[in-house]
Every structure is written in structure tokens, then in C-alpha cells.
Amino acid sequence: MKDGWIKVAAGTPKIRVAGCRYNAEQIFTLMREAAKQEVRVLALPELCLTGYTCGDLFLQDTLLDGAEEGLKTILEATKNLDMLTAVGLPVRNRWDNKLYNCAAVIHKGEILRLIPKTYLPNYGEFYEERWFASGKNVDVLVDLAGETNVHLTDSVILACETMPNLVVGVEICEDLWAPEPPSTALARAGATLILNLSASNEVVGKADYRRQLVCGQSAGQICGYVYAGAGEGESSTDLVFGGHNLIAENGALLAERRFASGLTISEIDVDKLVYERRRMNTFTPPASTPMENAHATGIGRSFFSLEPCTTSLTRYISPSPFIPEDDRARAERCEEILRIAALGLKKRLEHTGAKTAVVGLSGGLDSTLAVLITVVAMGMLGRPATDIIAVTMPCFGTTDRTRGNAVELAERLGCTLRRIDIGRAVKVHFDDIGQSMDRHDVTFENGQARERTQVLMDIANQENGLVVGTGDLSELALGWCTYNGDHMSMYAVNASIPKTLVRHLVSFVCGDKREDEPELSAVLADILATPVSPELLPAIEGKISQKTEELVGPYELHDFYLYYAIRWGFPPRKVLRLAEQAFGLRYGREELVKWLRNFYRRFFGQQFKRSCLPDGPKVGSVALSPRGDWRMPSDAVAALWLEELSSFS
């Protein structure tokens, strides 16, 4: 529960059709097992106390009495379990002589609510209307399993008093298939976690459809979704049930199990869901307060409490959140990003009527990616690569390796190459301002960066061109760019691409060109193997002396921090916890804290650079454009964030 995590499970017990006593034993045994594994919210299948396939036996009191006794046994056996559980069973309303297909939501031996199924299938192999009444707009009190005046209603969500962002809604099987699933209204009323008790049979292709429904509903409603399917023990007279269990969060499938009984477990981050709802104002609740909300939607709130605890994480946390780990998905992502960025540049070149695109080539990753994107854009325009002016501008820190790679890259791509040594111009400028060549300070470094930008801008003026920027998202987050130097361009194609992804994009092109253009692939491979550096300090024995990651920290950490601290708004303690989970033994806590402090310090302190960024295409879910995704005052202070980290130092 700490940091917004709640451990949830979908469970499929082994059952016997109409064997209520046996089924109750299997259910409370599974509940106890779930509790041992720290599960706090558990969904079980539709009508699992009787079996879904009882047919006309549902109309007989003997079965219904058995279901009540079974529920009573479960309540007694689990009265000490601090776990919210939804159990499926048939429930009689003796006042109107109706039978409802219900979820009994129980906690510590008490029935909190009975929630009926709204949409009853009556087609194909399903005939639920033969036995059950729809629970639509039902709001009654019933006596059940020894408890009196149990509230049976389709219009309720259950809110956890000890974890305010955990609000649970329940729907049953076919409800999800309906044009307006109950979970839509439940989520708008505040539910962050939806439980679905289901008995969906197996036919070819149906599992894919269920998976799409569950993931799609969790995305559309920005919620967690736990789907528990009936399985082993159901009648095989005409149907087979495979116990398909699914857990999804905001469109992402976290866990899945099929053709097996038992538990499917993962963790839902309800704080993350609430943050996303707050950020996306298209997710609009019907009213501003719970009381107004209940009045507007007819959905009330019931309350329960779970003992606070620290939720152990079993779900995988990728150390590279911007990069798919599946080879095929990664290749598709790289192809898509290159096209998106190139489309943006294509439009800008068309709109401005630019005759050329001017790119400064350093022999490093960022400028390599920028020129690769520019080549794609020119291809989209039907223009030759010679319309790209690639400018290499060696100075005091440039090594033969990077200079040679820049030249060869331009030649292999067919660009128009210009070589301009800026050393003499920089020295004249240093003489003008009284800067000693022996003083290797920030002025020494930035003077070179600004001279390069001036050269590019002037060439663009000469050639009726447009300067294509090379700076990436990670550098912008850290402010690792020279104000009005590499910070500035006429269109910044890399502006929303983090450094770790830059590397994978260049690697993708490198692999793609390996057979058809081996020389181009070879130079890209050497660029990938070159240490990341601005090369603004003199080389030592011909080798790079200034390595960026030794100064600002590993980019894999900063990109991880950027994703969770900025995209999801996680507090520092939670970002740190996720980093420890993701990176394992690769970094100790002390090192993680050191670079996380540096991330916050630089991110806040360097906002003024991001406040005046040039245009650039957004390609992913994280961007720092002051006109779009990130609007922050340049004078904001990081004190609160750094204070929270101080306890981990």
C-alpha cells in the first residue's frame, strides 16, 4: 500500500458443479493462500460458489441454500483476513421473488455489499435471462448467510479509508461486453480499480478478444482492471472454461494466466492512476465532490479499511522505460520514431521554403541521429541528400576519431560536406574578451559551442537553409547544453528523444544498413562505441578527455528519473524505490540517491533554458516543450524534493 501500490489477484479455484460445500472450501483455501502472498484485493469468478453451469438448478432452493451456507462458511473461515474479496454467487431477493447473479464483496468475515450483474446474455450458448434478473437500478436490502439488511445495489463503489486513492468498483462478465459497461460510470464516480467476476468460455480467438477488452477498458477509464475467469470444474457439456485471468493497468497488461487454477498476482499503482486522471482533464467526473458525484451519477460510496503495509513488488520494472525490450517491438518503435521526427522536419522545410538543411556534425550520437532524420525527411520530399549541408567544426577538444567519423558519415549519406576549423575564430574572440587559453572554465567551453551555432546560422543564411538542432531530451532535462549555443536551432528534431533512445535509434539504422551499406554501418558502429562527450576540453594524447556521464551521471539513470519524476509526477522516495527495483545490484542506494539529487537540482535550476526552446516534434509520452507538455516557472525551487531525499542520504 505504501507509495500507492496495492497487491491484487485474480483467482480461479477448482470447483464442482453444484458442490457448494466443496467449492466454499476451495475458495477460502485460495483466499488464505492469497493472503499469505500479501494480496489485499482478490477477485474470484462469476458464480464460483455454485458453478456457472448449473442451468435450471439455479431455480431450486436446495442449491441457493447451499450457496448461502457456503458463503457463511467462507465468512467464518476468513474473518481474520485483511483482504477485500469479491465472490460470485446467486442471491435471492425474497421481496420481489427475483434471483440475481451477484458479487459478494467481503472483508474480515463481513459482507460489505452485494453487486448484481447488469447485462444478462441470452444468445448463443448463454441463457442467463432464463434464471436471473438484471441488476440494473436495483437497490434493496436482503438477508444472506446469517447477515440481515445486506445492501444489494449496482450503484456503489468501495473506498479504502486508509488508502484514499484505492476505490474499488465491480462488474460481472458480460457487463464488460456491453456498449456502456458499468465500469465506465464507476470509474467516473471515482473507482480506480475494477474487479470483473467472469465465466467466459474458451473458443478459438476469444482469449485475444478478452485481452483487448480488459486492456482497452483499463486504458479508457485510466484504472486498474482485475478479471477472474471460471475454469476447472465447470461442466463440459457444451462449453470449456479455461480460467482466463488478466490484470491490466491503464492499457498495459501486467499479468495473465490461462488453462490453470490458482492465483494471478500483480500490483496496481493507484497513485499513478490518480495522477494521470488529474493530468488529463478529458477524464471528467460528473461532479466535484463525492456527495455531489453520488447525486449526479446515482453511485454511492461504501467504506472499508485495510491495515497499512509496504507492498512488495513482483511486477517487472524496466530500467529502460523509453525502450521496448522485445526485439521486434523495439525495431517497430525505432522505425516509427524516425518517421514521426522526419515528418515534422519535412513540414517545416516545406513551410519555410528552405533550400537546404544545415546540420552540425560532431561525430557523436546526437548529431548522427539528427542527420539521419534529415536524410529521411529529404527522401520524403523527393529531394537529394546533397541538399543537406553537414558542417564539421573541429576545435580544441576534437579528436581524430570523431572528426573522421563525422566526415565519413556525411560522405556515406551523400550530404554536402563543409569543414570549418573554428579554433582561430574562438581564439580571436577570447582575445577580445580577455579569456586565457589556459583557463579551461565554462567560458572556455561555451565560447566554442556558441561559435559553432553562429557558423551554422550564418551558413543557413547564405544557403537559404534551416539549422537542424541536435540536442536531445536528456540534455534538455539536465540543462546540459550551452544557452544560445547548441541549445538553439531553427528546428530541433531530437528534442523529445532521450539519450538512451538516441543510442537505440542509431543502433537500429546501423543494423538496418549492415548488408546493403556496410561502410555506413561500420561508421555508425564506431560512433556508437565512442564515449559521450561535448569535446570542449583539450584532448589528452589524442583521446577524449571530457566524458559527460562522469560529470552529470549515467544517462540510463537520468532517463529513468525523467520518466518517473516528470512523466508520472512520482515523489522522490517512489522514484528511488523503483530505481532500486529496476537496477538491482548495478547501483547501490548511495549512488542512486547521489544522481537523483543531481537530477532534481539540475532539472529545477536549468528550466530557463527550456523556457525558450525552438520548435521540435514530439515523438513520445515525455516532452519538455514550454508550449506543450511542460510549463514550469524558471524560478521554481527544488527544496521540497531535495528534502525528501535527504532521509535517504
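Details of the structure are given in the entry above.
Quick caveat: nothing in here was measured; it's all calculated off a predicted structure.

## Some remarks on the overall build of the protein
Line of reasoning, step 1. Helix and strand counts for the protein stand at 20 helices and 22 strands.
Line of reasoning, step 2. Its C-alpha atoms give the protein principal-axis dimensions of roughly 100 × 50 × 45 Å.
Line of reasoning, step 3. For the protein, the computed accessible surface area is about 27300 Å², with 49% contributed by carbon and sulfur atoms.

## Side note on the environment of Pro 384
Line of reasoning, step 1. Position of Pro 384 relative to the elements: it lies in the loop between helix H8 (365-380) and strand S19 (388-392).
Line of reasoning, step 2. Spatially, the C-alpha atom of Pro 384 lies 58 Å from that of Ser 647, the residues being 263 residues apart in sequence.

## Overview of the sheet that holds strand S22 (residues 491-492)
Line of reasoning, step 1. Here five strands make up an open sheet; going across it, the order is S20-S19-S18-S21-S22 and the pairing parallel. Each having just a single partner strand, strand S20 (416-419) and S22 make up the two edges of the open sheet.
Line of reasoning, step 2. Packed onto the sheet, helix H7 (residues 327-352) meets strand S18 (356-360), strand S21 (465-469) and S22 and runs at close to 155° relative to S21.
Line of reasoning, step 3. In this fold helix H9 (residues 400-413) packs onto S19 and S20, with an angle of close to 160° to the strand it touches most, S20.

## What to know about the environment of Ser 647
Line of reasoning, step 1. Examined against the element boundaries, Ser 647 turns out to sit in the segment after helix H20 (639-646).
Line of reasoning, step 2. At a separation of 3.3 Å, a polar atom in the side chain of Ser 647 contacts the main-chain carbonyl oxygen of Glu 644.

## Let's talk about helix H1 (residues 20-36)
Given 3.6 residues to a turn, an α-helix orients residues that are three or four positions apart in the same direction.
Line of reasoning, step 1. Taking 1.5 Å as the rise per residue, H1 with 17 residues should run 24 Å; its terminal C-alpha atoms sit 24 Å apart, in good agreement.
Line of reasoning, step 2. By the burial criterion, the buried members of H1 are Cys 20, Asn 23, Ala 24, Ile 27, Phe 28, Leu 30, Met 31 and Ala 34. All buried residues of H1 lie within an arc of 155° about the axis, which places them on one face of the element. Along H1, exposed side chains directed more than 90 degrees from the buried face belong to Arg 21 and Lys 36.
Line of reasoning, step 3. Looking at the buried positions of H1, the neighbouring elements they touch are strand S1 (5-12), strand S2 (41-43), helix H2 (61-77), strand S3 (84-93), strand S4 (98-107) and strand S16 (262-269).
Line of reasoning, step 4. Backbone geometry just downstream of H1 places Glu 38 in the positive-phi region, at approximately 70°.

## Remarks on the packing of aromatic side chains
Line of reasoning, step 1. Evaluated as defined, the whole model comprises 21 aromatic pairs.
Line of reasoning, step 2. Each ring, one from Phe 58 and one from Trp 131, has its centre 6.0 Å from the other, and the planes form 55°; the classification is tilted. With Phe 58 in the loop between S2 and H2 and Trp 131 in the loop between strand S7 (126-127) and strand S8 (139-144), this residue pair connects regions lying 73 residues apart in the sequence.
Line of reasoning, step 3. A cation over an aromatic ring shows up here: Lys 272 above the ring of Trp 568, its NZ or CZ 4.4 Å from the ring centre.

What counts, and at which threshold
- Residues numbered from 1 in each chain as written.
- Predicted model: local features only at pLDDT ≥ 70, side-chain atom pairs only at ≥ 80, totals over all residues.
- Heavy atoms only, no water.
- Helix = DSSP H or I, 4+ residues; strand = E, 2+ residues; numbered from the N terminus.
- Areas by Shrake-Rupley, 256 points an atom, 1.4 Å probe, with all protein chains shown as cover.
- Pairing = 2+ DSSP bridges.
- Contact = heavy atoms within 4.5 Å.
- Axes fitted to C-alpha atoms, helices over the stretch in contact; angles between N-to-C directions.
- Polar contact = N/O pair within 3.5 Å; in protein donor to acceptor, adjacent residues only side chain to side chain.
- Expected span 1.5 Å × (residues − 1).
- Buried < 20%, exposed > 50% of the residue type's maximum accessible area, 1.4 Å probe, protein only.
- Arc of directions from axis to C-beta.
- Phe/Tyr/Trp six-rings, centres within 6.5 Å; stacked < 30°, edge-to-face > 60°.
- Lys NZ or Arg CZ within 6 Å of the ring centre and 35° of its normal.

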